[in-house]
Amino acid sequence: MKKLKLQIQDLTCAGCVPEIEQVMRQQMGVIWATINFAAGEVTVIYDPAVFDSLRFIQAVSSFGFELTRAEETLRPVPVIPRDSQPFTRMQQWVRTLSR
């Protein structure tokens, strides 16, 4: 198991935290993930043999937040699909990442 600490940018809504944490915990290889709202910090405990950092970053970024580590900004590719029902589309997209 390894531990990773990241900064989450522009998180201004404490009400968003439980949903983001739930999606983070569903990612492959994640043993535990939590957000410290006051510090703007994400802590992830993961199994390095199966953890996919790109999918993890995409899952968090799908909520509109950037993760940063030291001076490096971790950004996902591709960008979130846009349509007339962005929240529903985003949920479907996140579910496909979890599979």
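The structure we're discussing is the one just above.
Here is a short report on the structure shown in this document. (Residues numbered from 1 in each chain as written. Predicted model: local features only at pLDDT ≥ 70, side-chain atom pairs only at ≥ 80, totals over all residues. Heavy atoms only, no water.)

**Here we look at helix H2 (residues 53–61)**
Part 1 of the argument: Buried within H2 we find Phe 56, Ile 57, Gln 58, Ala 59, Val 60 and Ser 61.
Part 2 of the argument: For H2, the N-terminal capping position is held by Asp 52, with its side-chain oxygen 3.1 Å away from the main-chain nitrogen of Leu 54. (Buried < 20%, exposed > 50% of the residue type's maximum accessible area, 1.4 Å probe, protein only. Helix = DSSP H or I, 4+ residues; strand = E, 2+ residues; numbered from the N terminus. Polar contact = N/O pair within 3.5 Å; in protein donor to acceptor, adjacent residues only side chain to side chain.)

**Details of the pairing of strand E2 (residues 30–36)**
Part 1 of the argument: Taken together, the six bridges between E2 and strand E3 (residues 41–46) define a ladder with antiparallel strand orientation. Note on E3: the bridge partner recorded for Asn 36 is Glu 41.
Part 2 of the argument: Between E2 and E3, which pair antiparallel and follow one another directly, the connecting turn spans four residues, one of which, Gly 40, has a positive phi of 65 degrees. (Pairing = 2+ DSSP bridges.)

**Quick word on the packing of aromatic side chains**
Part 1 of the argument: Scanning the entire structure with this criterion turns up two aromatic pairs.
Part 2 of the argument: Summarising the aromatic geometry, the rings of Phe 51 and Phe 56 are spaced 5.6 Å apart at their centres and angled 50 degrees between planes, so their arrangement reads as tilted.
Part 3 of the argument: Residue class for Phe 51 comes out buried when judged on its relative accessible area of 15%.
Part 4 of the argument: We classify Phe 56 as buried; its relative accessible area is 1%.
Part 5 of the argument: Taken together, the ring pairs in this structure connect Tyr 46, Phe 51 and Phe 56 into an aromatic cluster. (Phe/Tyr/Trp six-rings, centres within 6.5 Å; stacked < 30°, edge-to-face > 60°.)

**Section: the state of the cysteines**
Part 1 of the argument: Inspection of every chain in the model, using the stated rule, returns zero disulfides.
Part 2 of the argument: Lacking any disulfide linkage, Cys 13 is separated from the closest cysteine sulfur, that of Cys 16, by 3.2 Å.
Part 3 of the argument: The class for Cys 13 is partly exposed, based on a relative accessible area of 34%.
Part 4 of the argument: Take Cys 16: its relative accessible area is 28%, and that puts it in the partly exposed class. (Disulfide = S-S within 2.5 Å.)

**Digging into the pattern of salt bridges**
Part 1 of the argument: Under the defined criterion, the tally for this structure stands at three salt bridges.
Part 2 of the argument: As a salt-bridge pair, Glu 21 and Arg 25 come within 3.6 Å of each other at their nearest N and O atoms. One end of the pair is Glu 21 and the other is Arg 25, both in helix H1 (residues 17–25) and four residues apart, which spans about a single turn.
Part 3 of the argument: What makes Arg 25 partly exposed here is its relative accessible area of 29%.
Part 4 of the argument: Salt-bridge contacts for Asp 52 lead to Arg 55; the nearest nitrogen and oxygen are separated by 3.9 Å.
Part 5 of the argument: Classification of Asp 52 by relative accessible area gives partly exposed; the value is 33%. (Salt bridge = Lys/Arg side-chain N within 4 Å of Asp/Glu carboxyl O.)

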